[in-house]
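# Structure at a glance
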Amino acid sequence: MENKSGNKKLIIGLIALVVVIGAFAIIYNVFRAKPTEGSKSITINVVNSREETTSYSVKTDAEYLRQAMEEAEGLTFSGTESEEYGMMVDTVNGERADYSLDNAYWNFLVNGEYGNYGIDKQPVNDGDEYSIVYTPAE
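Residues numbered from 1 in each chain as written. Predicted model: local features only at pLDDT ≥ 70, side-chain atom pairs only at ≥ 80, totals over all residues. Heavy atoms only, no water.

Going through the model one piece at a time under the given rule, you end up with one aromatic pair. When the centroid spacing of 5.5 Å and the interplanar angle of 80 degrees are considered together, the rings of W106 and Y134 count as edge-to-face. Of the two residues, W106 is situated in strand β6 (residues 104-110) and Y134 in strand β8 (residues 129-136); the sequence distance between them amounts to 28 residues. Judged by relative accessible area, which is 17%, Y134 ranks as buried. (Phe/Tyr/Trp six-rings, centres within 6.5 Å; stacked < 30°, edge-to-face > 60°. Helix = DSSP H or I, 4+ residues; strand = E, 2+ residues; numbered from the N terminus. Buried < 20%, exposed > 50% of the residue type's maximum accessible area, 1.4 Å probe, protein only.)

Within β8, six of the eight residues are buried, which leaves the element mostly enclosed by the surrounding structure. One ladder, built from seven bridges, connects β6 with β8; its direction is antiparallel. In the sheet register, F108 faces β8, and the bridge partner there is I132. (Pairing = 2+ DSSP bridges.)

Take the side chain of R66 next. Structurally, R66 is set in helix α2 (residues 65-71). Here the side chain of R66 touches E81 through a polar contact of 2.6 Å, side chain to side chain. Residues within four places of R66 in sequence aside, it is in contact with F77, E81, M87, I119 and D120. (Polar contact = N/O pair within 3.5 Å; in protein donor to acceptor, adjacent residues only side chain to side chain. Contact = heavy atoms within 4.5 Å.)

Moving on, we get to the nonpolar core. Core analysis: the largest hydrophobic core is formed by 25 residues, its most contacted members being I44, M69 and W106. Within the residue set of this core, elements represented by two or more residues are β1 (40-47), β2 (53-60), α2, β4 (86-92), β6 and β8. Broken down by element, this core gets its largest block of residues, four residues, from β6. Setting aside residues up to four positions removed in sequence, M69 forms contacts with I44, L75, F77, F108, I119 and I132. (Core = buried A, V, L, I, M, F, W, Y, C linked by side-chain atoms within 4.5 Å.)

Another aspect to go through is the sheet that holds strand β7 (residues 113-114). Spatially, the five strands line up as an open sheet ordered β2-β1-β8-β6-β7, and their pairing is mixed. Among the strands making up the open sheet, the edge pair consists of β2 and β7. Looking at chain direction, β1 and β8 are connected through five bridges and run parallel. Paired with V47 across the bridge in β8 is V133.

In this section: the confidence of the model for the protein. The share of residues in the protein with pLDDT of 70 or more is 84%, and the mean pLDDT across the chain is 87. Mean pLDDT in the protein bottoms out at helix α1 (residues 2-31), which sits at 68, and peaks at β2, which reaches 98. (pLDDT = per-residue confidence, 0-100.)

Okay, structure coming up:
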């Protein structure tokens with residue numbers, strides 16, 4: 001009897017877990033930031049280690065920031081590709097920020113707020129301003 005009761009509890013627990021995971025997946029898909037389609041005008045600002053700003057006005061159909069960055073004339077960037085996170089940018093306009101070497105990183109801001117996504121997942125919306133800021137660790 002104890003064995004059957006224990007199995008029932010385990011099955012009920014697993015079903016409840018699956019339901020909760022499904023609910024979280026639905027909530028994530030409904031509320032996550034989504035790109036907008038069509039033509040957009042955005043600004044990308046790069047602030048280097050000397051606090052000098054270079055601005056790029058970009059007209060783009062890009063849905064995500066990486067494509068818009070690739071379209072910005074004169075803006076160069078590179079980094080390490082990751083399947084899970086996309087590109088981890090370490091060099092912008094020839095300046096490298098490598099946390100393991102110089103305790104600095106490139107900070108990405110969207111309309112003055114910290115970005116919640118990497119450049120491969122950051123949605124691009126008309127009128128947005130993106131800042132890529134060389135940031136030494138404190």
